Amino acid sequence: MKKTTLMNWLLLSVLLLSFASPAFGELNAGEIRKREEIRNTLEKGILSPYSIPFEVYANLKMWDEMEGILRGNTHNANRYRLPGVYYSRPFLIDGKIWIFENPTVTGGAAYLFEPETLDLADTIQKIEYSRFDGGVRTVFRSTVISGGSDKDVDTAVLWDTESGEIRTVKLLDGHYIGAIQATGDRLYIGSCGGLVNIWNMEDLGFSQILRTSREQTEDWADFNQKACITALLVMDGSIAGAGGEEIFLWEGEELPLKSFKKALAGDSLVYFHNGDAVVYGGNQAVLQDLRNGSALRRLKTDLPIEDLIVTDEKLLPDQRGELLILSMRHNKGIRIYDYETFDLLEKMNVAGETLAAAGNAIFATDDRHLYRYSILGRNLARFEEWLGTIQKGEIRLGDERYSRVLAILSSYPDILVETGIVADQLAAHGLHLSHSFKYGKIGQGEGGLYGYKAFYEMENRSDNRYLVTLNLSWSGQYGRTSLYEPRARHPLRPQSFFIEPGRGRTAGSFDVGEKEPEHFILYPETILTVTADYQQGLTKALSAENEDLALVEKYLADEKVRQWHPELKAQKERLGQEVGLIRSLWQRAAGIFR
């Protein structure tokens, strides 16, 4: 009863506060106390973050809570830009996310990240390991095992990341390492030629070879007709291996007990999980029973599949059981399915081509980045309701809230458009803004870079003269990033300009990127009413004929015209040199007539 009464009282307090006049400047003692009360109830789960109206968050300067709601409902993404190109999938080792460089391209370093924040924890350059670090890799406890490197396609390397010990093994039969699997006492390596080499894990003593057929040959043409084992699964008493067109099952003997065709023909891949095989290729995935080869479930995607994992990691708010996660080729998004039904649960238009899941988050890499996605706190229905509490007319230019809200929402351009805040500010000042895209040469210099420019035009339909600072935001695979990136700063600078009253117009452009962006929006950071004398004074201060150093210094001290400060500094330096020269001449003249 007491808890219900407290919650009702707090909700009533929040409601009353939401009708209070906007807060300006520093919070007073009562407002600070109210903010702490709300934070306390949020931490204890008494109130949902969605129960607090947008205006209350803004009035009490609860910017972190506001951004938390936005991030939690837009894939909650973190991104790390890696220094080179071509990186491994993410691996969880000793509580860190490990990413391995391609040694043939960038040197073969390992990067270790904190899973919660994606902060870089360490960089390790292990020369002995990187020499044999190939395209096939697995992790067993603290040991990283990889093989198929350009240096020796038949050698695997084992790196104990705790002790630092490096060991290598070479195929006794077969060619080209295609799959690696390890257990507590055995190391299994699949290769072309339809062979699986097995060693004792402890001392790397050779154990045996499993074959897909009796016929062995030294003839390369015949050898290349045999399966390349590209996936392995070690089960109780049996081993499964996936070749080009078939799946093989061994049970203690050198030859397979049985084999059957993969559910998808052609260049399909296999992901083994809990005694089943998920076969995928193109835009299809099929769950295949390893006991008899029958297809249990299948799905079709809208785009070709790049990578696939199955996990029981808690990733969705209403999740029951295991999840099947797919990444789409060419960084075209991630899809999440219920593993038991193959029903689509979540479609994420984000980047990442190789996948892992840990710590209630999806980790993904592409050629240059590591991403972390968490959507466990998502509640789209409540989020839509909360967005409805944004009263655009209450957010005024010049108010601290406007700049802080823009700083947050500019990372979520579609939401910034949806709120109507920008359109409201423009209309309130009698301004009309339009834009279009054109493809052509962008950037400076003669590098020949081509991409999209955003051309804009603003018309002033009011009787006021304005100094406008215009900025932009977008999402999309190119441009800023292929995902919403909270706290990211746009690489382009805002543009400031004066616009005359009475249908005055101004136009300009921004270089955007290689492809036309999505959710593009231009928005005013400031719209300041100025006088004709103010504009003329700046024009005079910048002119080559200006001799008034005091006027230059006046505008140099004015933050409203920050965009022109470099030119003003150059003017000040020029005038200072002229004053120095005149003084020197006077001194010489005075010496002559003395």
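What comes next concerns the included structure. (Residues numbered from 1 in each chain as written. Predicted model: local features only at pLDDT ≥ 70, side-chain atom pairs only at ≥ 80, totals over all residues. Heavy atoms only, no water.)

### Quick look at the sheet that holds strand β30 (residues 450-460)
Here is step 1 of the chain: Here we have three strands laid out as an open sheet, ordered β29-β30-β33, and antiparallel in their pairing. The open sheet has two edge strands, β29 (431-441) and β33 (504-513), and neither has a second partner. The sheet shows a mean angle of 20° between the axes of neighbouring strands, direction not considered.
Here is step 2 of the chain: With nine bridges connecting them, β30 and β33 associate as antiparallel partners. Residue pairing across strands places Y452 opposite G513, the latter belonging to β33. (Pairing = 2+ DSSP bridges. Helix = DSSP H or I, 4+ residues; strand = E, 2+ residues; numbered from the N terminus. Axes fitted to C-alpha atoms, helices over the stretch in contact; angles between N-to-C directions.)

### Description of the nonpolar core
Here is step 1 of the chain: In terms of nonpolar packing, the biggest core is built from 50 residues, with W386 and M458 touching the most fellow members.
Here is step 2 of the chain: If sequence neighbours within four positions are ignored, W386 has contacts with P49, Y50, I52, P53, F54, Y57, M66, I69 and L70.
Here is step 3 of the chain: A77, L316, M348 and Y373 belong to the second-largest nonpolar core, a separate cluster that totals 17 residues. (Core = buried A, V, L, I, M, F, W, Y, C linked by side-chain atoms within 4.5 Å. Buried < 20%, exposed > 50% of the residue type's maximum accessible area, 1.4 Å probe, protein only. Contact = heavy atoms within 4.5 Å.)

### Section: the pattern of salt bridges
Here is step 1 of the chain: Applying the stated criterion across every chain yields a total of 27 salt bridges.
Here is step 2 of the chain: Across the pair E385 and R382 runs a salt bridge, and its minimum N-O distance is 3.7 Å. In this pair, E385 and R382 are both assigned in helix α8 (residues 380-387), three residues apart and thus about one turn of the helix distant.
Here is step 3 of the chain: Notably, a salt bridge pairs R461 with E459, separated by 2.6 Å at the nearest N-O pair.
Here is step 4 of the chain: A relative accessible area of 46% means that R461 is categorised as partly exposed.
Here is step 5 of the chain: Each member of the salt-bridge network shares a partner with another, and the members are E457, E459, R461, R503 and R505. (Salt bridge = Lys/Arg side-chain N within 4 Å of Asp/Glu carboxyl O.)

### Structural notes on helix α12 (residues 532-542)
Here is step 1 of the chain: Every buried residue of α12 is listed here: Y534, Q535, G537, L538 and A541. Looking straight down α12, one finds its buried side chains confined to an arc of 160°; they lie on one side. Exposed and oriented more than 90 degrees from the buried face of α12 are D533 and T539. (Arc of directions from axis to C-beta.)

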